[in-house]
Amino acid sequence: MGRTSVAVWSLQSISSKPLELVGHSKPISCVCFGSQPQPPLLCTAAPDYIIVWNVQKARASYEQGSQIRGVVIFSTPGCVEHLNFSPDDSLVAVCIDKEVLILSSQSEHLHTTLEGHTARVTSAEFSPHHGAMVVSVSEDRTFKVWDINNSVLIYQSTIISGSPFLCLAWNYENEQVAIGSTDGQVRIYDMSDSSGFRLLHQIDVAKHLQKVQMSRLHTDQELGEASTISSKPSWKTQQPTADDTFQNDEDDQSEAGNTILGIFYRVRPTKSRPSSAANLPSFLTHNSSVVQDLLEVPPVLIVGTTASILIINAYSYEVTRVIDLQDSLPSEQSLDTPMKSISLVGTYSFSGSHDQEKIWCLVGSIFQSEAHVLSVDTVFASTTSSHDLAVSKEATGLQNLTITSEGDSVQVADVTVLSSTLMLDSSPLRSELIPKSKAETKPKKNSAQKKSLIQDNQALTFHSKIKSSGYSQKPRQDMFSPKTNKLKGKSTPKVGAGAKALQKAYPVDASPPTKLKVKQSVAEQPTPIHQIAFSGDGQNLACALANKSSMAFKMPLSSKCISFTGHDSSVNCVSWSHGNQYLLTGSNDKTVKLWKKSSSEPILTFQNINEKQKVDKAKSVFSSAIKHSQFYYMDKFIIISCDKAFYLYKYLIDTSVDDIKRYQSQSHYKLVNSYNLTQGKQITALSAINSFYSYIVLCAGSDKSLEVFDMNVGKSIRVTNDVHERTIHVIKQNQGSAYVTHPSSAYDLFATSAITDAIKIWDLRTNRCVKRLEGHQNRVHPCGLAFSPCGKYIATGSEDKSAYIFDIRGGTYVEKLTGHTDTVTDVAYHPVHSELATASLDGKLSLYSSRC
């Protein structure tokens, strides 16, 4: 078989004899299969012809012994760089020099010519979402978007990179395209309507491969090698250092190169719905959840370089596996050489369908006259996390490349927000602070004491009894008698505002809030707002201010509010109780104060770690500013974080009313236990659900770690390292509200954010990042975020004086709320209505509502 013919193998029987297609007189430069499974089409290009073959008819002709013929669709094209069929296989895009020719696949007919690139066009792909859209990339470091039906250029990018673009691939689930370049960068762009073709994410493949080399170096060092102990001076000994070893590995890697040669999106395998779900109510089925897609197997992005294959989670953009092709790989077909390696790769081709859980990779080497077929099982690879990044060496192989999840620590059982485990007898959550009765607090007087008091009083009255003045007697006649039976029927009791709110439901199908409804300043002078929070019934909005105070605005938002003053420094956090009657504030003055909603005076102050411990004041007080405090476990406890520990308190509120002794409050608290981080030196963010019973507490450490505590056992159960590139400053859990219902799996989602990094959505059960959201600016100030009660959207603040609303199903922001005059520091969703409150650094609150 020469280079002028094509051999076609069947993946079902790859060891069988191939079908040979002969029709070119010059070497073939490019081949491409069609998009449709029936009939299977194959296009081949050479300097003499471009031919389309029907593989099914060709195989039938071969079996009958007749001549195999193809359809010539173009003559003397020259050197063809790339071929691609349209989604319906009616057209073929052909990249020749600086142009893209759109040809008919049935006859020799030129449909359209796309010109405008200033250098060689390396790839052009039809959109699977819009058949008339074509995206082309070129060595001129730009990409163009064409509409061949209307014969217009939709978009032309600027020069993006310093390295040429070589390949691209469409995402079949979302309107996104990935572009690879020679410098080891993969850029993902949004191609949806009115998106501006903005950059969603940039994957530094070269950086990930460097991490793999570092991991290998550390592994070799841990295995241990023969050491030499010398008494010679240091200037006489010349031993290779770790840096030299890494430099040699880096030279080997740079010799192989990080050029992106092939990109492919694998869609998620289709799974039938379980029959048992048909008997469940609609609100209990998995299909009713808007986040169910995130909790299933995500799509995978396969990236091929000159020496490695990377498997990337297409939702979180995390590299889950790296396959080094230069290592010895097991081969099932070659019995003589069971271990094989692939030298410098020159080309890639990928194939995968909806009903298959594996990807076929055809790898062509530059220095070897053979092609290697790899089978990659991407289901396990897509469900693992990049925090367990490893080079798959023993678990990879030629013809049967299988990625296993052995050794992964992501499969942790029974880690969920809504746990079915009963509360242990020794659980700290069983602790209670029982109020003492008056009979226990006041000692009873005996009869001798009472008799002495009577005798002492006899000196004044001379009698044991004093005649009454008559004021306590009943009047002789009734001056007024009210009529209580005026209405014969039973009257309906008046329904309060809270009861009316309970009769409502959150509009889960409403559009994102984009209409500015109200704008309100919190003070006469610009005052930064650190945090905002709606009460559970949506009747109040609390704000933590930098002017040593906090405020609670009555909804609908207006100037009517209650100010809570008493801290000696700026207030960092505010938290409402589940009963919506109490407010908790934490400040830089190392105290936490508990307020009643209707009173401007604190009823309880957390100043000492333990209220009863007053022996050593220096050790009993909180050592630093309070960054987070909140109610926990349906208002039964209060959690306060300080330094590297968080404290669990039980408390008792004195509800007695006494205007004379109002400063002598009987409210008190008691420390249940304290919990320290395993690794980090300071807690930078904390989250725990208070709207329902949950054992889980999430903590972020200053070392970029995320730790999960199970309060039922009172221990840390999981630590995840390097969650973000920087320290996490906010954790938000998807807890909905009292006016919307979600499946239990939806409550296992939580989001984290860090400065100079994106928002990551995590699944608590599998400990993996299921989505990555970026597009907002967060470089200096810690901007807050919030889940919508319906679970569809995430809102976040930004430093470009805007707030962004992301659709967690699409992966990009759908709305940008402008009109702010400073950095948006925090956002909060209304629990009842489709409304969003934003707070800015200049002390202004804005309320946005849905347009429909």
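Owing to the predicted nature of the structure, the values given are computational and were not obtained by experimental measurement.

Colleague: Help me understand the overall build of the protein, please; the structure alone is not making it clear to me.
Modeller: A count of helices and strands for the protein gives nine helices and 56 strands. Intrachain contacts of the protein at a sequence separation of at least 6 include 52% that bridge at least 24 residues. A total of about 43,000 Å² of accessible surface is found on the protein, and carbon and sulfur atoms cover 49% of it.

Colleague: In this structure, what is going on with the side chain of Ser577? I would like to understand it.
Modeller: On the secondary structure map, Ser577 appears in the loop between strand E34 (571-576) and strand E35 (582-587). Beyond its immediate sequence surroundings of up to four residues, Ser577 is in contact with Tyr582, Phe631, Asp635 and Asn690.

Colleague: I tried to follow unusual backbone geometry on my own but got confused; where do I start?
Modeller: Leave glycine aside and you will find that most residues have negative phi; peptide bonds, for their part, are mostly trans. Here the residue pair Gln38 and Pro39 is connected by a cis peptide bond, since its omega of -10° sits within 30 degrees of zero. Inspection of the secondary structure assignment puts Pro39 in the loop between strand E3 (30-33) and strand E4 (41-45). Across the junction of Met555 and Pro556, the peptide omega takes the value 0°, indicating a cis bond. For Pro556, the position within the fold is in the loop between strand E32 (549-554) and strand E33 (561-565). Positive phi values are uncommon outside glycine, yet Lys590 reaches one of about 70°. With respect to the helices and strands, Lys590 occurs in the loop between E35 and strand E36 (592-596). In the Ramachandran plot, Met634 falls in the positive-phi region, its phi being about 55° despite a non-glycine side chain. Within the secondary structure, Met634 is located in the loop between strand E38 (628-632) and strand E39 (637-642).

Colleague: I tried to follow the state of the cysteines on my own but got confused; where do I start?
Modeller: Should the sulfur atoms of two cysteines be covalently bonded, the bond is a disulfide. Under the definition given, this model contains zero disulfides. The thiol of Cys30 is not disulfide-bonded; the next cysteine sulfur, from Cys32, is found 7.0 Å away. The class of Cys30 is buried, set by a relative accessible area of 11%.

Colleague: Would you mind showing me how to read the sheet that holds E3 here?
Modeller: Adjacent strands of a sheet pair through backbone hydrogen bonds, lying either parallel or antiparallel. Spatially, four strands are ordered E3-E4-E5-E6 in an open sheet, and the strand pairing comes out antiparallel. At either margin of the open sheet sits one strand with a lone partner, and together these are E3 and strand E6 (71-75). Adjacent strand axes in the sheet meet at a mean angle of 15°, parallel and antiparallel pairs treated alike. The strands touched by helix H1 (residues 55-64) are E3, E4 and strand E5 (49-54); relative to E5, the strand with the most contacts, the crossing angle is about 75°.

Colleague: Teacher, can you tell me more about the confidence of the model for the protein here?
Modeller: A low pLDDT means the predicted coordinates there should not be read in detail. The share of residues in the protein with pLDDT of 70 or more is 77%, and the mean pLDDT across the chain is 82. Long-range and interchain partners of residues 249-255, a stretch whose pLDDT sits below 50, account for four contacts in this model, where long-range means more than four residues apart. The low-confidence segment residues 272-288, where pLDDT is below 50, has 10 contacts with residues more than four positions distant or belonging to other chains.

Colleague: How should I be thinking about the packing of aromatic side chains in this particular structure?
Modeller: The description of an aromatic ring pair uses the distance of the two centres, along with the angle that the planes make with each other. This structure, assessed with the given rule, holds 22 aromatic pairs. Consider the rings of Phe264 and Phe350, whose centres lie 5.9 Å apart with planes at 20°: the pair is stacked. Taken together, the residues span a long stretch of sequence, with Phe264 in strand E19 (residues 260-266) and Phe350 in strand E25 (residues 345-351) at a distance of 86 residues. Each member of the pair, Phe264 together with Phe350, is buried.

Colleague: Where do I start with the sheet that holds E36 in this structure?
Modeller: An order of E34-E35-E36-E37 is seen for the four strands of this open sheet, with the pairing classed as antiparallel. For this open sheet the edge positions go to E34 and strand E37 (602-606), each flanked by a neighbour on one side alone. Each strand of the sheet is rotated relative to its neighbour by a mean of 20°, with strand direction disregarded.

Colleague: Hey, could you run me through the nonpolar core in this one?
Modeller: A general tendency of soluble globular proteins is for nonpolar side chains to be buried together. Membership of the largest hydrophobic core comes to 21 residues, with the highest contact counts inside it found for Val186 and Leu301. Those elements that provide at least two residues to this core are strand E15 (165-170), strand E17 (185-190), strand E18 (199-204), helix H2 (205-223), E19, strand E20 (300-305), strand E21 (308-313) and strand E22 (319-324). When residues no more than four places from it in sequence are discounted, the contact partners of Leu301 are Ala178, Val186, Ile203, Ile263, Phe264, Tyr265, Leu310, Ile311, Ile312 and Ala314.

Colleague: I keep staring at the environment of Gly536 and nothing clicks. Help me out?
Modeller: Residue position: Gly536 is located in the loop between strand E30 (529-534) and strand E31 (540-545). Judged by its relative accessible area of 37%, Gly536 is partly exposed. The spatial distance from the C-alpha of Gly536 to the C-alpha of Ser737 is 7.3 Å, given a sequence separation of 201 residues. Apart from residues no more than four positions distant in its own chain, Gly536 is found in contact with Asn580, Tyr739 and Pro831.

Colleague: I would appreciate a short explanation of a nonpolar patch on the surface in the present structure.
Modeller: On the surface, Leu424, Val713 and Ile717 cluster together to form a nonpolar patch covering roughly 210 Å² of accessible area. Note on placement: Leu424 falls in the loop between strand E28 (401-402) and helix H6 (438-441). For Leu424, a relative accessible area of 34% corresponds to the partly exposed category.

Colleague: Explain the pairing of strand E47 (residues 749-754) to me, please; I cannot follow it from the model alone.
Modeller: Look at any regular strand and the pattern is simple: side chains alternate between the two faces of the sheet. The element E47 is extensively covered by neighbouring structure, given that six of its six residues are classed as buried. By the alternation rule, side chains of E47 split into Leu749, Ala751 and Ser753 and Phe750, Thr752 and Ala754, which are all buried. With five bridges joining them, strand E46 (residues 728-733) and E47 adopt antiparallel strand pairing. Residue pairing for E47: Val730 is matched across the bridge by Ser753. Here E47 runs beside strand E48 (residues 759-763); their pairing, made up of five bridges, is antiparallel.

Colleague: I tried to follow the pattern of salt bridges on my own but got confused; where do I start?
Modeller: Opposite charge on two side chains permits them to pair, given that their charged atoms come into close proximity. Tallied over the entire structure, the rule returns 14 salt bridges. Its salt-bridge partner being Glu139, residue Arg120 comes within 2.2 Å of it at the nearest N-O pair. Remark: Glu139 occurs in the loop between strand E12 (133-138) and strand E13 (143-147) and Arg120 occurs in the loop between strand E10 (110-115) and strand E11 (121-126); sequence separation between them is 19 residues. Classification of Arg120 as partly exposed rests on a relative accessible area of 28%. What makes Glu139 partly exposed here is its relative accessible area of 28%. For Lys517, the salt bridge is made with Glu835, and the minimal N-O distance between the two is 2.9 Å. One end of the pair, Lys517, is in strand E29 (residues 515-521); the other, Glu835, is in strand E55 (residues 835-840), and 318 residues separate them in sequence. One network of salt bridges, in which partners are shared, links Glu81, Arg120 and Glu139.

Colleague: I keep staring at the pairing of E20 and nothing clicks. Help me out?
Modeller: The element E20 is largely enclosed, with a buried count of six among its six residues. Both faces of E20 are covered, namely the face carrying Val300, Ile302 and Gly304 and the face carrying Leu301, Val303 and Thr305. Judged from the six bridges that link them, E19 and E20 form a sheet pairing that is antiparallel. Looking at E20, one finds that Arg266 is bridged to Val300. Note: E20 against E21, five bridges, orientation antiparallel. Each bridged residue has a counterpart across the sheet, and for Ile302 the counterpart in E21 is Ile311. Adjacent in sequence and paired antiparallel, E20 and E21 are bridged by two residues.

Colleague: For this particular structure, what's the right way to read the environment of His130?
Modeller: Its place among the elements puts His130 in the loop between E11 and E12. Between the alpha carbons of His130 and Glu175 there is a distance of 9.3 Å; along the sequence they are 45 residues apart. Within the local environment of His130, its side chain forms a polar contact with the side chain of Glu175, the two groups lying 3.5 Å apart.

Colleague: Mind showing me how you'd approach the environment of Thr113 here?
Modeller: Mapped onto the secondary structure, Thr113 falls in strand E10. In this structure Thr113 comes out as partly exposed when scored by relative accessible area, which is 36%. Separated by 13 residues in the primary sequence, Thr113 and Val100 place their C-alpha atoms 5.9 Å from one another. Not counting residues up to four positions away in its chain, the partners in contact with Thr113 are Glu99, Val100 and Leu101.

Colleague: How should H1 be read in this particular structure?
Modeller: Residues that lie three or four places apart on an α-helix share one face, since the helix turns once every 3.6 residues. Within H1, the full set of buried residues consists of Val55, Ala58 and Ser61. Axial view of H1: buried residues confined to an arc of 120°, hence all on one face. Turned more than 90 degrees away from the buried face of H1, the exposed residues are Lys57, Glu63 and Gln64. Contacts from the buried residues of H1 go to strand E1 (5-8), strand E2 (19-22), E3, E4 and E5. Sitting at the head of H1, Asn54 places a side-chain oxygen 3.2 Å from the backbone nitrogen of Gln56. Remark: Gly65 follows H1 within two positions and exhibits a positive phi of approximately 85°.

Conventions we followed
- Residues numbered from 1 in each chain as written.
- Predicted model: local features only at pLDDT ≥ 70, side-chain atom pairs only at ≥ 80, totals over all residues.
- Heavy atoms only, no water.
- Helix = DSSP H or I, 4+ residues; strand = E, 2+ residues; numbered from the N terminus.
- Contact = heavy atoms within 4.5 Å.
- Areas by Shrake-Rupley, 256 points an atom, 1.4 Å probe, with all protein chains shown as cover.
- Disulfide = S-S within 2.5 Å.
- Buried < 20%, exposed > 50% of the residue type's maximum accessible area, 1.4 Å probe, protein only.
- Pairing = 2+ DSSP bridges.
- Axes fitted to C-alpha atoms, helices over the stretch in contact; angles between N-to-C directions.
- pLDDT = per-residue confidence, 0-100.
- Phe/Tyr/Trp six-rings, centres within 6.5 Å; stacked < 30°, edge-to-face > 60°.
- Core = buried A, V, L, I, M, F, W, Y, C linked by side-chain atoms within 4.5 Å.
- Patch = residues over 30% accessible without salt bridge, like charges linked within 9 Å, V, L, I, M, F, W, Y side chains within 5 Å.
- Salt bridge = Lys/Arg side-chain N within 4 Å of Asp/Glu carboxyl O.
- Polar contact = N/O pair within 3.5 Å; in protein donor to acceptor, adjacent residues only side chain to side chain.
- Arc of directions from axis to C-beta.

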